[in-house]
Amino acid sequence: MPVESGSSAAARQAKQKRKSHSLSIRRTNSTEQDRSGLQRDMLEGQDSKLPLSLRSNLLDLFSQIEREFENLYIENLELRREIETLNDRLAAEGQTFEGADLAKGALKTKASHSTSQLSQKLKTTYKASTSKIVSSFKATTSRAVCQLVREYVGHRDGIWDLSVTRTQPVVLGTASADHTAMLWSIETGKCLLKYLGHQGSVNSIKFHPTEQMALTASGDQTAHIWRYMVQLPTPQPVADISQTPCEDDVDFSDKDEADGEVEGPNDCPSVRTAVTTLRSHQGVVIAADWLVGGKQVVTASWDRAANLYDVETSELVHSLTGHDQELTHCCTHPTQRLVVTSSRDTTFRLWDFRDPSIHSVNVFQGHTDTVTSAVFTVGDNVVSGSDDRTVKVWDLKNMRSPIATIRTDSAVNRISVSVNQRIIALPHDNRQVRLFDMSGVRLARLPRSNRQGHRRMVCCSAWCEDNTSCNLFTCGFDRQAIGWNINIPALLQEK
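Residues numbered from 1 in each chain as written. Predicted model: local features only at pLDDT ≥ 70, side-chain atom pairs only at ≥ 80, totals over all residues. Heavy atoms only, no water.

By the naming in an unreviewed UniProt entry, the chain is WD repeat-containing protein 37, taken from Larimichthys crocea.

Trainee: So what about the packing of aromatic side chains? Which residues, and what values?
Mentor: Enumeration according to the criterion identifies 9 aromatic pairs in this entry. Ring plane angle 70 degrees and centroid distance 6.1 Å describe the contact between Tyr 152 and Trp 184, whose orientation is recorded as edge-to-face. Residue Tyr 152 is located in strand E1 (residues 145-153), and its partner Trp 184 is located in strand E4 (residues 181-185); the two are separated by 32 residues in the primary sequence. For the pair shown, Tyr 152 and Trp 184 are each scored as buried. Both rings, one in Trp 226 and one in Tyr 228, keep their centres 6.5 Å apart while their planes meet at 70 degrees; by these two values the pair is edge-to-face. What makes Trp 226 buried here is its relative accessible area of 0%. Classification of Tyr 228 as buried rests on a relative accessible area of 3%. Aromatic ring contacts, followed pair by pair, group Tyr 195, Phe 207, Trp 226 and Tyr 228 into a single cluster. (Phe/Tyr/Trp six-rings, centres within 6.5 Å; stacked < 30°, edge-to-face > 60°. Helix = DSSP H or I, 4+ residues; strand = E, 2+ residues; numbered from the N terminus. Buried < 20%, exposed > 50% of the residue type's maximum accessible area, 1.4 Å probe, protein only.)

Trainee: Please give an account of the sheet that holds strand E14 (residues 306-310) that cites residues and values.
Mentor: Read from one edge of the open sheet, 4 strands run E12-E13-E14-E15, paired in antiparallel fashion. The strands lining the two open edges of the sheet, one partner per strand, are strand E12 (285-290) and strand E15 (316-320). Strand-to-strand twist in this sheet, taken as the mean axis angle between neighbours without regard to direction, amounts to 20 degrees. Bridge count between E14 and E15: 4 bridges; the pairing is antiparallel. Each bridged residue has a counterpart across the sheet, and for Tyr 309 the counterpart in E15 is Leu 316. (Pairing = 2+ DSSP bridges. Axes fitted to C-alpha atoms, helices over the stretch in contact; angles between N-to-C directions.)

Trainee: Describe empty space enclosed by the protein, with residues and values.
Mentor: Tallied over the entire structure, the rule returns 3 cavities of 30 Å³ or more. Considering only enclosed or pocket space, the second largest cavity measures out at about 40 Å³ in volume. Lining of the second largest cavity is provided by Arg 431, Gln 432, Val 433, Leu 446, Pro 447, Arg 448, Gly 453, His 454 and Trp 484. Here the residues of the lining of the second largest cavity are counted per class, giving 4 nonpolar, 3 polar and 2 charged. (1 Å grid on protein atoms, 1.4 Å probe; cavity = no way out; pocket = protein on both sides within 12 Å on 5 of 7 lines; lining within 4 Å. Points joined across faces, edges and corners; volume = space filled by probe spheres on them. Nonpolar A, V, L, I, M, F, W, Y, C, P; charged D, E, K, R; others polar.)

Trainee: How would you sum up the side chain of Gln 480? Please name residues and give values.
Mentor: Here Gln 480 lies in strand E30 (residues 480-487). Polar side-chain contacts of Gln 480 include one of 3.2 Å to the side chain of Asp 478. Residues within four places of Gln 480 in sequence aside, it is in contact with Glu 151, Tyr 152, Val 153, Ile 159, Gly 453, His 454, Arg 455, Thr 474 and Cys 475. (Polar contact = N/O pair within 3.5 Å; in protein donor to acceptor, adjacent residues only side chain to side chain. Contact = heavy atoms within 4.5 Å.)

What follows is the structure, given as structure tokens:
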């Protein structure tokens, strides 16, 4: 058996001393040494097939992992204190954010990562708080106010269209599926005259620009021109209705109110005979309008054609064909011989009759569903609405693409544009009415609840530019027309 030399024994002792010294450096205090020794004794006392040296190494590794987690835990405690300090500073400025959420969950592995998340959270909180401040400032400085002034009730079926006279006396006209058209006193809500000449649904009504004549289109495949004479009753005091901010009323119920037969005004005078009957269409006449000057009218039909008539002779001047499907609406320019027709073929067409010898047509394909209406403004714009839930504003000088697009949550019916304020009124299938400016900025939504507003689809809107108690009218399939007073602050319109 070999004998160990003195130098070899000294080297082995020095190596053990260095190993013992390195292990002692890893121990932070005597408590950890006692705990490690206790754990080592427990390992030795347990039955295991692993060699004792391997089990000892595993114990050392687990101890190191535990110390790493302790360091991370201390680091997170320091981060929590920093968050509390920041919260105190933010609270002094009226802003707070939930720092506790940042510290919850798994322990952070790097202080830089935690700091990055903290910075992002602070930025988000600052932006949100700033937005709230700006929004509250806008709401208090320029609030649109919409007041329901009067309801016009008397039709026995849904109201498709309405219009306001352009001459004195100023009255409201409505066209209904009950085969009648009615004229109403705007200030009293009383029916002044009922037209009974049609044999089908009356789909539209428009008034002559200078005379007391009305033009109505019907499902009986005709359009009628008839004269009216009305005497306005003495205005009565308007009931005290509190002014309602346009955005505050919310519809909490889809429940329709009583749908029983509405008693029409029995004492209302009636007219049964038309001055002129226009008969050239082979389908429902859905809309009609007067050209500038009132000597010609244009009609739109489900037979896919629009007809231009001479009022005095009742003769057909032009048949405007080209649409692939039924027409839905027609409108004339207030100062020029221009006509725009809308169709279910997703297009609207601009017809130019300014040159008597020839008329031109332009086709516009800006929508993806039925174009329900397209109307002119006093300027050089056309506004189109569609079942694709959009409204688009076009420039007549360059109609390759719209200059503004309004996206909504419901199909849009017959729109109207205010001459003075240039505000677009959008009646919707979902019973709402929204107001936008020509740039596509939303200005207001008319109040709607169980007690005021429309209870069914809103079919049409019409502005009144005269000095009356109502400056906007809407009608719907709930058999009533409603007069509104809309007050849009100038600051809100200029934004």
